[in-house]
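# A closer look at the structure
Now for the letters of each chain:
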Amino acid sequence: MLLPQRVTTMLVDKARPALSLAHKVVPASIQNLLVLQAMKQLSKEFLENGEMDFMEGRVARLHIKDMDISYYFTLRNKLLVILPSRRNVPHEKAPEPQVTFSATLDAFVLLASQKVDPDTLFFNRSLQISGDTELGLEIKNLIDQFDIQLLHKPIGHALNVWSQQLLENQHV
């Protein structure tokens, strides 16, 4: 179903404030569960084939700069898990990431929708990778292979509409 252009534009414009509000009012455990579910859907094949074994005991951080939101991922016993953020645990127990992927929400939407590849975002300085560069490269290569068709249809559709609107407005 195609939405009229002005409706699509309005939805994209309201997405950031809506997500920001949700981040403030929805408990972190529920947010983490939703993010983890999507990541598990995208990485299921890689986990089953052992292609993510390099993440065992290592922590990767996804940081949405313009919303100051971070998610910490690791592999424990071949299971992808999300760790509590530094805001939710005492500093001494907070996860220490080996690599951090940092970008704006718009850049992550373009990355997740696969409308713009990670290398382009990196070279345009829309995506920063810091820390263990070898680990970052391995993760980036996996992200590049994610099949967004594996996401639940409403999420995949929302990413598609949002990213298309961003590209039309040249927010790359």
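Residues numbered from 1 in each chain as written. Predicted model: local features only at pLDDT ≥ 70, side-chain atom pairs only at ≥ 80, totals over all residues. Heavy atoms only, no water.

### A word on helix H3 (residues 105-113)
A large share of H3 lies buried, amounting to eight of its nine residues. Residues of H3 that are buried include every one of Leu 105, Asp 106, Ala 107, Phe 108, Val 109, Leu 110, Leu 111 and Ser 113, and no others. Phi turns positive, to about 65°, at Gln 114, one or two residues after H3. (Buried < 20%, exposed > 50% of the residue type's maximum accessible area, 1.4 Å probe, protein only. Helix = DSSP H or I, 4+ residues; strand = E, 2+ residues; numbered from the N terminus.)

### Examining the nonpolar core
Residues Met 52, Met 55, Ile 64, Leu 80, Phe 108, Ile 139 and Trp 162 are the most contacted members of the largest nonpolar core, which totals 40 residues. Sorting elements by how many residues they give to this core places H3 first, with six residues. Not counting the four nearest positions on each side in its chain, Phe 108 is found in contact with Leu 62, His 63, Ile 64, Phe 101, Ser 102, Ala 103 and Leu 127. (Core = buried A, V, L, I, M, F, W, Y, C linked by side-chain atoms within 4.5 Å. Contact = heavy atoms within 4.5 Å.)

### Remarks on the environment of Glu 96
Relative to the elements of secondary structure, Glu 96 occurs in the loop between strand E3 (79-83) and strand E4 (99-103). Among the residues examined, Glu 96 registers a relative accessible area of 55% and is labelled exposed. On a C-alpha basis, the gap between Glu 96 and Arg 61 in space is 8.8 Å, while along the polypeptide they are 35 residues apart.

### Observations concerning the packing of H3 against helix H6 (residues 153-168)
For the pair H3 and H6, interaxial distance at closest approach is 9 Å and the crossing angle is 120°. When the axes of H3 and H6 are compared, the pair comes out oblique. In this structure, H3 crosses over H6, and the sense of that crossing is left-handed. Where H3 abuts H6, its residues Leu 105, Asp 106, Val 109, Leu 110, Ala 112 and Ser 113 lie against Leu 159, Trp 162, Ser 163, Leu 166 and Leu 167. In terms of residue class, the contact of H3 with H6 is made up of eight nonpolar, two polar and one charged. (Axes fitted to C-alpha atoms, helices over the stretch in contact; angles between N-to-C directions. Parallel < 35°, antiparallel > 145°, perpendicular 65-115°, else oblique. Left-handed = near helix turned anticlockwise from the far one by under 90°. Nonpolar A, V, L, I, M, F, W, Y, C, P; charged D, E, K, R; others polar.)

### Overview of the sheet that holds strand E5 (residues 127-131)
Spatially, the five strands line up as an open sheet ordered E3-E2-E1-E4-E5, and their pairing is mixed. For this open sheet the edge positions go to E3 and E5, each flanked by a neighbour on one side alone. Here the average twist between neighbouring strands, direction ignored, is 20°. Sheet strands touched by H3: strand E1 (60-64), E4 and E5. Its angle to E4, the strand with the most contacts, is close to 105°. (Pairing = 2+ DSSP bridges.)

### Things to note about the packing of aromatic side chains
Per the counting criterion, the structure on display carries two aromatic pairs. Ring centres 5.9 Å apart and planes at 45° place the aromatic pair Phe 46 and Phe 146 in the tilted group. With a gap of 100 residues between them, Phe 46 in helix H2 (residues 28-48) and Phe 146 in the loop between helix H5 (133-145) and H6 connect regions that are remote in the sequence. Here the two residues Phe 46 and Phe 146 agree in accessibility, since each one is buried. Between Phe 122 and Phe 123, the aromatic rings sit 5.4 Å apart at their centres with planes inclined by 75°, giving edge-to-face as the arrangement. Given a relative accessible area of 63%, Phe 123 falls into the exposed group. (Phe/Tyr/Trp six-rings, centres within 6.5 Å; stacked < 30°, edge-to-face > 60°.)

### As for H6
Between its first and last C-alpha, H6 extends 22 Å over 16 residues, near the 22 Å set by a 1.5 Å rise per residue. Within H6, burial applies to Gly 156, Leu 159, Trp 162, Ser 163, Gln 165 and Leu 166. Where H6 ends, the next residue or the one after it, Gln 170, has phi of about 55°, a positive value. (Expected span 1.5 Å × (residues − 1).)

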